[in-house]
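Chain by chain, the residues:
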Amino acid sequence: MTKYISKFLSLALGIVLLSCQDEKSGLVEQLISEFKSEYAPDKRVAIWEIEWSNGILSGETDQTEALQIFRGKLDKLDIKYEDQISTLPDQSVEGKEFAVVTISVANIRSAPKHSAELATQALLGTPLKVLKKEGSWYLIQTPDQYISWVDSGGIHVMNEKELSEWNQLPKAVFTDYSGFAYADSDEKEVISDLVAGNIISLEWTETNHQEILLPDGRVGFVKKNQLMPFESWNESRQLSPENLIQTAKAMMGVPYLWGGTSFKGVDCSGFTKTIFFLNGQVIPRDASQQIWEGEEVDEDKNWENLEVGDLLFFGEKATGDKKEKVVHVGMWIGDNSFIHSRGRVRISSFDQDSPNYDEYEMNRYLRTKRVIGHLTPNIKEVETMMNFPTLNP
């Protein structure tokens, strides 16, 4: 009899211990989920990929302050764990935690391979955070917070001292829509193509050419009338109706390119982002991010409420069992018209008598937001971008 009682008590104790373990596991997983929702709800701009299994915490995150708070909560709950979480930047970058784009337009992809989806692009001179390295690819973060992979051929990695030295050099902005940097002022050999918005360092001036320095140390020559000192360029930027329309129409016919953000090709949100960037402002990358910024000015197709520069969003409206889906964005240019990238950069109209009448976009219109005059943590001046990433935060 005693033997059976002992077995029963052992079984009961095992059930209790297992129940406690299950309860703690459930609590840890709940905390992981809560922290992800609070600190990294959008995986495009923040990383919180943490897992819990058999008392081991693994994965990675770039949210170091959140991780400290998370660990503190586990300690307060007296939950024992083995910590295998990697914080980014990790050791693979070997102290080179910064980079600057060295080609006219760097393709930034969703995975570390050339066949992966093009997530976004970054222009020459754009400063980056470097989070980790895998083979010849780097996981980086752009000034608009986008996190994706770039191949080493498009960037020059730096340590903190090297980035500081680069930042102190005088800069210029390439202002033509496209052009070249040459090996010499005779223009016989090209060292790089250039597009509007490229940022380079100035060296000295010849009669018609400016000697420039690229972030990776290459020296070249650019026609003097194609460059403007960064300070002068920045001071001249205005989000005026005239400037916005002029920039947008200069891109008419540029082909649609998923992930594109330059004169070489743009997707819909890359187009609006490029318009604002060339007029001095950095806005979020994707339409589904841009729609959360600024002030709502219309959702009822009252076009008289719209002003040049307002952003129009399109997609699928929310229903009882389905969330709203934002899939397209364009910019209002007045006269019942907006400009956008669909197939190519084009002008569409909501006037049924116009040859540009766009019934397709009319039918999937969601609402219009005004981002001009609404600086937020996600909308910054281009000048601020040049201080990204912040050293010694």
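Refer to the structure above for everything that follows.
Below, the structure is looked at part by part. (Residues numbered from 1 in each chain as written. Predicted model: local features only at pLDDT ≥ 70, side-chain atom pairs only at ≥ 80, totals over all residues. Heavy atoms only, no water.)

1. Let's talk about the sheet that holds strand E9 (residues 147-151)
With respect to topology, 7 strands assemble into an open sheet ordered E6-E5-E9-E8-E7-E4-E10, the strand pairing being antiparallel. Taken across any chain shown, the strands that pair with only one partner, and hence form the sheet edges, are strand E6 (118-123) and strand E10 (155-158). Along the sheet, successive strands turn relative to each other by an average axial angle of 40 degrees, direction set aside. Contacts from helix H3 (residues 160-167) reach strand E4 (98-101) and E10, with the element oriented near 120 degrees to E10. (Pairing = 2+ DSSP bridges. Helix = DSSP H or I, 4+ residues; strand = E, 2+ residues; numbered from the N terminus. Axes fitted to C-alpha atoms, helices over the stretch in contact; angles between N-to-C directions. Contact = heavy atoms within 4.5 Å.)

2. Overview of helix H5 (residues 241-250)
Residues of H5 that are buried include every one of Leu244, Thr247 and Ala248, and no others. Here the buried residues of H5 occupy an arc of 95 degrees about the axis, which is enough to place them on one side. Along H5, exposed side chains directed more than 90 degrees from the buried face belong to Glu242 and Gln246. (Buried < 20%, exposed > 50% of the residue type's maximum accessible area, 1.4 Å probe, protein only. Arc of directions from axis to C-beta.)

3. A closer look at a negative patch on the surface
The grouping of Glu231, Glu235, Glu381 and Glu383 at the surface amounts to a negative patch. Within the secondary structure layout, Glu381 lies in strand E27 (residues 380-381). (Patch = residues over 30% accessible without salt bridge, like charges linked within 9 Å, V, L, I, M, F, W, Y side chains within 5 Å. Areas by Shrake-Rupley, 256 points an atom, 1.4 Å probe, with all protein chains shown as cover. Salt bridge = Lys/Arg side-chain N within 4 Å of Asp/Glu carboxyl O. Lys, Arg positive; Asp, Glu negative; His and termini not counted. Charge placed at Lys NZ, Arg CZ, Asp CG, Glu CD.)

4. Quick notes on the side chain of Thr126
With respect to the helices and strands, Thr126 occurs in the loop between E6 and strand E7 (127-134). A relative accessible area of 8% places Thr126 in the buried class. A polar contact is formed between the side chain of Thr126 and the backbone oxygen of Leu123, at a distance of 2.7 Å. Once you skip the residues sitting within four places of it in the chain, Thr126 turns out to touch Ala99, Val100, Val101 and Pro143. (Polar contact = N/O pair within 3.5 Å; in protein donor to acceptor, adjacent residues only side chain to side chain.)

5. Considerations on the environment of Val130
Take Val130: it is sitting in strand E7. Separated by 28 residues in sequence, Val130 and Met158 place their C-alpha atoms 9.1 Å apart. In this structure Val130 touches Pro89, Val93, Lys96, Glu97, Phe98, Ala99, Tyr138, Leu139, Ile140 and Val157, once residues within four positions along its chain are discounted.

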